[in-house]
Amino acid sequence: MTSQTSHVPTADQIRRAPKVLLHDHLDGGLRPGTIIELAREQGYSKLPETEPDKLGIWFREAADSGSLERYLETFAHTCAVMQTREALFRVAAECAVDLAEDGVVYAEVRYAPEQHLEAGLTLEEVVEAVNEGFREGERLAREAGHRIRVGALLTAMRHAARSLEIAELANRHRDDGVVGFDIAGAEAGFPPTRHLDAFEYLKRENNHFTIHAGEAFGLPSIWQALQWCGADRLGHGVRIIDDIEVADDGSVRLGRLASYVRDKRIPLEMCPTSNLQTGAAASYAEHPVGLLRKLHFRATVNTDNRLMSGTSMSREFELLVDAFDYTLDDLQWFTVNAMKSAFIPFDERLAMINDVIKPGYAELKSEWLFRQTATTSASSGREG
Ligand SMILES: O=c1[nH]cnc2c1ncn2[C@@H]1O[C@H](CO)[C@@H](O)[C@H]1O
Ligand SMILES: [Zn+2]
């Protein structure tokens, strides 16, 4: 057994590996059982299923439509039950606990405050309830022996007209658990430049933002997000491969935009399963993350919506290990990339990399040594 093959991670090692998640929607990650309980408490009667397993399957299948617009329709049910302080607190706490159990040590979780005002909460109250929920989830995770830190990203919906207001909200709460801003929703027909005032405001405030771009629409969306809006990161960004040519002899030519993305180390928040469901990629093996990792783009791996995709960080890593034969070194590379790209201060990112991520992977990588010793002594014992 060579050390190289020993480093092909097992499912158990992937789960125990420290992981960093930059792109996860709070309203796309509820436990099915929680949705059912909240719906019952709140008198919401439109759920398509009332048994947790069936509801989980319903979300996955409904999200498998091949279209981003149809995929997004499923969020009507999750948002419907996230309209009170108690519900937001519970969903946020469970999110932190679930991520921690899956081995995520740092997460930026996003949601759109404007979608949680139907029962009379103010934007401020929504942010406070979610922040309190994340703190509670971090505490519960610690009690269960896990360490996780969760930051919030406030999303504005790109079809709506509240982005400046949401950007101001994010800025007001920047020292209080909100680490940045995002825009999401249907991409085609809603270019990021519609929200230029919000992005310009955040830049003047020296604040951070990511933009969903290059998922359901191609290079022009990525170009606008970077060169007009000044995004720090790209949500998905998979269509950047439209600006990369791979010749038959394997040589690669990057266009101007792809070169810029790689040269400037623009982080790509890639979400493989979500991309298969919305039609942005055809299969795991053909997912652009494979090529982008080889070309040393600042690629990261993410869940997007754990409920709609029936996934977790560990599962996304497992699927990529199957598709691309990734080793623990590759998973560490994605994880360090993600931590470098987080919106928390540099010294804290560095400490997470040096004190949590690298030691965690080093520990996992050393395990094969001990397994081999045990096998050898057992077999020599039998022979003797
Ligand atoms: O992959 C995606 N692309 C674009 N928008 C999305 C995606 N996943 C979720 N949302 C949208 O973001 C809102 C806030 O969390 C969700 O309600 C959903 O409408
Ligand atoms: Zn997303």
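Residues numbered from 1 in each chain as written. Chains lettered and ligands numbered in written order. Predicted model: local features only at pLDDT ≥ 70, side-chain atom pairs only at ≥ 80, totals over all residues. Heavy atoms only, no water.

Chemist: Just to check I follow, could you spell out the packing of aromatic side chains for this structure?
Modeler: The relative placement of two aromatic rings is captured by the distance of their centres and the angle of their planes. All chains considered together, the criterion is met by 9 aromatic pairs. Here the aromatic rings of Trp223 and Trp228 are separated by 6.3 Å at their centres, their planes lie at 80°, and the arrangement is edge-to-face. On the accessibility criterion, Trp223 (42% relative accessible area) is partly exposed. What makes Trp228 partly exposed here is its relative accessible area of 46%. Taken together, the ring pairs in this structure connect Phe317, Phe324, Tyr326, Trp333 and Phe334 into an aromatic cluster. (Phe/Tyr/Trp six-rings, centres within 6.5 Å; stacked < 30°, edge-to-face > 60°. Buried < 20%, exposed > 50% of the residue type's maximum accessible area, 1.4 Å probe, protein only.)

Chemist: How should the site of ligand 1 be read in this particular structure?
Modeler: Around ligand 1 sit 16 residues, and of these His25, Asp27, Gln115, Glu215 and Asp304 come closest. A distance of 2.4 Å is found between an oxygen atom of ligand 1 and a side-chain nitrogen or oxygen belonging to Asp27. The separation between an oxygen atom of ligand 1 and a polar side-chain atom of Asp304 is 2.7 Å. Starting from 420 Å² of accessible surface for ligand 1 in isolation, the protein chains cover 98%. Per-class residue counts for the shell around ligand 1 are 7 nonpolar, 6 polar and 3 charged. (Near = heavy atom within 4 Å. Polar contact = N/O pair within 3.5 Å; in protein donor to acceptor, adjacent residues only side chain to side chain. Areas by Shrake-Rupley, 256 points an atom, 1.4 Å probe, with all protein chains shown as cover. Nonpolar A, V, L, I, M, F, W, Y, C, P; charged D, E, K, R; others polar.)

Chemist: Even after reading the chapter, I still don't get the pairing of strand 1 (residues 19–25), so can you show me in this structure?
Modeler: The two faces of the sheet receive side chains in turn, since in a regular strand these alternate between them. Among the 7 residues that make up strand 1, 7 are buried, leaving the element largely enclosed by the rest of the structure. Here 5 bridges tie strand 1 to strand 2 (residues 104–111), and the two strands are oriented parallel to one another. The partner of Asp24 across the bridge, within strand 2, is Val109. (Helix = DSSP H or I, 4+ residues; strand = E, 2+ residues; numbered from the N terminus. Pairing = 2+ DSSP bridges.)

Chemist: Would you mind showing me how to read the UniProt feature "active site" (unreviewed entry) in the protein here?
Modeler: Following the UniProt record, the feature "active site" (unreviewed entry) maps to Glu215 here. Mapped onto the elements, Glu215 comes out in the loop between strand 5 (209–213) and helix 11 (219–228). Of the residues examined, Glu215 reaches a relative accessible area of 7% and is grouped as buried. Dropping the residues within four chain positions of it, Glu215 is found in contact with Leu68, Glu187, His236, Val238, Arg239, Ser274, Asn275, Thr278, Ala280 and Asp304. (UniProt positions renumbered as here; feature names shortened; annotations may be inferred. Contact = heavy atoms within 4.5 Å.)

Chemist: Honestly, the coordination of the zinc ion (ligand 2) in this entry has me stumped. Any pointers?
Modeler: Ideal geometry at a metal gives 109.5 degrees between four tetrahedral donors and either 90 or 180 degrees between six octahedral ones. Within the protein, His23 (NE2), His25 (NE2), His212 (NE2) and Asp304 (OD) serve as the donor atoms for the zinc ion (ligand 2), at 2.1 to 2.2 Å. Considering all 4 donor atoms around the zinc ion (ligand 2), the spread of angles at the metal, 84 to 170°, places the coordination shape in the irregular class. Considered as a linear motif, the donors of the zinc ion (ligand 2) on their single chain read H-x1-H-x186-H-x91-D. Pair noted here: His212 is in strand 5 and Asp304 is in the loop between strand 10 (299–301) and helix 15 (306–309), with a separation of 92 residues, a long-range link. Comparing His212 with Asp304, the two get one shared label, buried. (Donors = N, O, S within 2.8 Å, 3.2 Å for Na, K, Ca; no water. Tetrahedral: all angles 85-135°; square planar, octahedral: opposite > 155°, others 65-115°.)

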